[in-house]
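Structural features, examined
Listed here are the chains, written in short residue letters.
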Amino acid sequence: MGHGNGRGEAGGRGQGQGQGRGRGDTGAMAGVICFIIVVALLVLAFIGLCIAKAVMGKEYFNDCPKQYLIPVYLIVSGSVPLLMGGLLKRDDGEINVFNIIGAIGFLFQFAWLICGSVWVFGIYSDVMDGCGGAKDCCNPSLMKFAFAVTIVDWVFLGLIVVVVCFLFGVIMCCVSDEEEESTGTELKE
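Keep in mind the model is a prediction, meaning the values are calculated, not measured.

Quick notes on the overall build of the protein chain
Summing up its helical and strand segments, the protein chain has four helices and zero strands in all. Secondary structure elements of the protein chain occur, N-terminal to C-terminal, as α-α-α-α. Expressed as a percentage of its 189 residues, the buried residues of the protein chain come to 21%. Of the roughly 13900 Å² of accessible surface on the protein chain, a fraction of 66% belongs to carbon and sulfur atoms.

So, in structure tokens, the structure goes:
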């Protein structure tokens, strides 16, 4: 009666020790779904902002004689990211023409943001004060919009820099941990 093959409950797989999805995976899955939703909303907001910039620049193209480049700045800063987004593609990490175009596009956008900041911030207070009654003043709606989106662009650029630095730090920590583990394993053997 008491004889068997030696396998008892303690040595086998008990309940909850299988490889299926348990309760702990629900939280991780919810986190992934939330992350995907947030990223999708940010992408949609970015696309909407780009379209709004291009439309405002076009609508007020001749309404800013004090600094005629502000509508051009809006059109270009709204159009280029949309055009560049169509050119970029994922690859296996090798340098190719798309990576080079992407880097040039990013540098162009950064330089264009600096130019736009000089143009917008340089005359903003004068336009909001009515340009002293001069006829060659810019439309206040255009100026408020250009002022706001230029600040938003700088905030997004700052966030991108912070995220890239954070990811770089995480990658460097992971690489150094892997190197320490491989070095420690080799020494023990």
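Some remarks on the environment of Ile 114
Positionally, Ile 114 belongs in helix 3 (residues 97-128). Relative accessible area serves as the criterion here: at 38%, Ile 114 is assigned to the partly exposed category. For the pair Ile 114 and Trp 154, spaced 40 residues apart in sequence, the C-alpha separation works out to 9.4 Å.

Some remarks on the pattern of salt bridges
Under the definition given, this model contains three salt bridges. Residues Lys 58 and Glu 59 are paired through a salt bridge, measuring 3.8 Å at the closest nitrogen-oxygen approach. Of the residues examined, Lys 58 reaches a relative accessible area of 58% and is grouped as exposed. For Lys 66, the salt bridge is made with Asp 126, and the minimal N-O distance between the two is 2.9 Å. Placement of Lys 66 in the loop between helix 1 (23-59) and helix 2 (69-87) and of Asp 126 in helix 3 is noted, with a sequence separation of 60 residues between them. By relative accessible area, Lys 66 is classed as partly exposed at 32%.

Conventions we followed
Residues numbered from 1 in each chain as written. Predicted model: local features only at pLDDT ≥ 70, side-chain atom pairs only at ≥ 80, totals over all residues. Heavy atoms only, no water. Helix = DSSP H or I, 4+ residues; strand = E, 2+ residues; numbered from the N terminus. Buried < 20%, exposed > 50% of the residue type's maximum accessible area, 1.4 Å probe, protein only. Areas by Shrake-Rupley, 256 points an atom, 1.4 Å probe, with all protein chains shown as cover. Salt bridge = Lys/Arg side-chain N within 4 Å of Asp/Glu carboxyl O.

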